[in-house]
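# Chain and residue survey
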Amino acid sequence: MTVEVRTLTNDADVRAATDVFRTAMVGLPPMTEPDRPLSEPGRTLGARLDGQLVGAATSFTSWLAVPGGARVPHAAVTRVGVLPTHTRRGVLTALLRRQLDDIAARGEVVASLRASEGLIYERFGYGVASSFVRLNIRRARARLRDSVPPSGEVRLLDRAQAWKVLPQIYTAADIRWTGAIDRPEYWWRQQELMTGDPAYVAVHGPVGAEDGFLRYHPIDTAQWFTGADRTIVVDDLVATTPAALLGLVRYLLSVDLVHTITIAFAAPDNPLPHLFTDPRAVETVAVRDETWLRLVDVPAALNARTYRENAAAVLVEVRDDVLGANTGVYRIAADGVTRVDATADLRTDVAALAAVYLGASSWRQLVVSGRAQESRPGVARSADELFVTDEQPFSGTFF
Ligand SMILES: CC(=O)SCCNC(=O)CCNC(=O)[C@H](O)C(C)(C)COP(=O)(O)OP(=O)(O)OC[C@H]1O[C@@H](n2cnc3c(N)ncnc32)[C@H](O)[C@@H]1OP(=O)(O)O
């Protein structure tokens, strides 16, 4: 029995692919492809065994911001699933290999995804390239330091307008923090479908020039009137300026009745603990892997990001067992990256390279763990100087 993988072109097949994913994921709410499709045309793959659709994977066209602020063409891979009746027969392998070939043929430089399990994707060359933290702010302890700079006005947005206005703000904001991705219409539709009523939405900045927003909802509302730990969860927080972040935090602290503010996704190096006189006002309750990154075109990806000026060049040998054209030795320096025929300073594979590419991990970590090998002791330190970034990578977009 061979797995047959094809691009699904008709609506019924694409709908069936979404059903396969939901069945595989077990715990997701129903997802139908409504009048406005959830899947970008031409990007959904279906895997058939004996004519039956048993697996699917899709992606949408996006960009990813890399160190230095450039945006590279990016495939946001999502809704990957195989029916429980047909797992461990190579269906995923056939799907993801084909998907990577398609992404490479489109000229997309990277692919990324959010993983349901930690053991699925490394074999296809994906590595953990950013993390997010989940924070709780205890409102009773959260007194802002006098030194916290001023911020602008925050307005509540009409909920009915939210799904129209938020995408406009996101697009207009020219977001370029390392790890940010584009949120195309398909992403917003999926959010709308899964979230429904956005509950409460607040924006920072003048109409038409907003620089941040947040969406939040209360949880465990059965005892809300008399509750002793009333909690709101911030599902989405986008702040493109420090003033927007401060304004939105001030707004959250001003919401009466609330004891705990949970921020579902925040950057690992977010400044929140520094805002309060009592650093324990903010508690990090979880740190999770976020971006699983696949460098699809290694030379283009390495050339797209910046490196520290004047740091010594490093020769890195990369092995890619899935997209073999990437395998080779690269001379990486601030003035450019070239493929060379020389003995490398460091050897690694494409998944481990993804882990250091945005700055989430260091070459030293890779060497200590055996994920990279040095040709001479200390060269990893020199590579870390070259790869240094000025912020921790963070996407803030779950898909
Ligand atoms: C981006 C996203 O959408 S994340 C969501 C991913 N989907 C899910 O988690 C839904 C539930 N799970 C599934 O649908 C399936 O189990 C999948 C898609 C994860 C794997 O599909 P399969 O067709 O079983 O994978 P396939 O047979 O190609 O396995 C490839 C290898 O990965 C391993 N593998 C696959 N899934 C897992 C897993 N969850 N944990 C550990 N190893 C795994 C297999 O053992 C196999 O290893 P081997 O080659 O050494 O034997």
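The model shown is predicted, which means the values in this text are computed figures rather than measured ones.

The rules behind each value
- Residues numbered from 1 in each chain as written.
- Predicted model: local features only at pLDDT ≥ 70, side-chain atom pairs only at ≥ 80, totals over all residues.
- Helix = DSSP H or I, 4+ residues; strand = E, 2+ residues; numbered from the N terminus.
- Buried ≥ 20, exposed ≤ 12 C-beta atoms within 10 Å, placed from the backbone.
- Near = placed C-beta within 6 Å.
- Nonpolar A, V, L, I, M, F, W, Y, C, P; charged D, E, K, R; others polar.
- Pairing = 2+ DSSP bridges.
- Axes fitted to C-alpha atoms, helices over the stretch in contact; angles between N-to-C directions.
- Contact = placed C-beta atoms within 7 Å.
- UniProt positions renumbered as here; feature names shortened; annotations may be inferred.
- Core = buried A, V, L, I, M, F, W, Y, C linked by C-beta atoms within 7 Å.
- Expected span 1.5 Å × (residues − 1).

### Quick look at unusual backbone geometry
Although it is not a glycine, Val26 adopts a positive phi angle of roughly 65 degrees. Along the polypeptide, Val26 turns up in the loop between α1 (11-25) and β2 (45-49). Under the C-beta neighbour-count criterion, Val26 is labelled exposed, with 9 such atoms within 10 Å.

### Quick notes on the site of the ligand
Taken together, the neighbourhood of the ligand is formed by 22 residues, with Ala24, Thr87, Leu92, Thr93 and Ser116 sitting nearest. For the shell around the ligand, the element with the most residues is strand β4 (residues 71-82), which contributes 6 residues. Residue composition of the shell around the ligand, by class: 11 nonpolar, 6 polar and 5 charged.

### A few points about the sheet that holds strand β18 (residues 346-349)
Within the open sheet, the 5 strands sit side by side as β17-β16-β15-β18-β19. Their pairing is mixed. In the strand order of this sheet, the two ends are held by β17 (336-340) and β19 (372-374), each with one partner. Averaged over all pairs of adjacent strands, the angle between strand axes in this sheet comes to 25 degrees, irrespective of strand direction. The sheet contact formed by β18 and β19 spans 3 bridges and is antiparallel. Paired with Arg347 across the bridge in β19 is Gln373. Packed onto the sheet, helix α8 (residues 350-357) meets β15 (314-319), β18 and β19 and runs at close to 105 degrees relative to β18.

### Considering the UniProt feature "binding site: acetyl-CoA" (unreviewed entry) in the protein chain
Mapped onto this structure's residue numbering, the UniProt feature "binding site: acetyl-CoA" (unreviewed entry) falls at Val80, Gly81, Val82, Arg88, Arg89, Gly90, Val91, Leu92, Thr93, Ser116 and Glu117. Counting through the fold element by element, Gly90 comes out in the loop between β4 and α2 (91-105). Locating Glu117 in the fold gives a position in the loop between β5 (110-113) and β6 (127-128). For Glu117, a count of 6 C-beta atoms within 10 Å gives the class exposed.

### Here we look at the UniProt feature "active site" (unreviewed entry) in the protein chain
In the numbering adopted here, UniProt assigns the feature "active site" (unreviewed entry) to Tyr121 and Phe399. Residue Tyr121 is classed as buried on the basis of its 22 C-beta neighbours within 10 Å. If we ignore the near neighbours within four places in the chain, the residues touching Tyr121 are Leu113, Ala115, Tyr126 and Trp292. Inspection of the secondary structure puts Phe399 in the segment after α10 (379-387). Setting aside anything within four residues of it in sequence, one finds Phe399 in contact with Ala76, Thr78, Arg114 and Trp187.

### Examining the nonpolar core
Within the largest apolar cluster, 81 residues are counted, with the highest numbers of intra-cluster contacts made by Leu295 and Ala354. The greatest single-element share of this core, amounting to 8 residues, is contributed by α8. Aside from chain neighbours lying at most four places away, what touches Leu295 is Val110, Ala301, Val350, Leu353, Ala354 and Tyr357. Membership of the second largest hydrophobic core comes to 36 residues, among which are Ile137, Leu245, Ala267 and Leu275.

### Looking at helix α5 (residues 242-254)
Along its 13 residues, α5 runs 18 Å from first to last C-alpha, staying within 8% of the 18 Å computed at 1.5 Å per residue. Against β8 (154-156), β9 (200-204), β10 (212-219), β11 (231-239), β12 (260-266) and α6 (272-275) lie the buried residues of α5.

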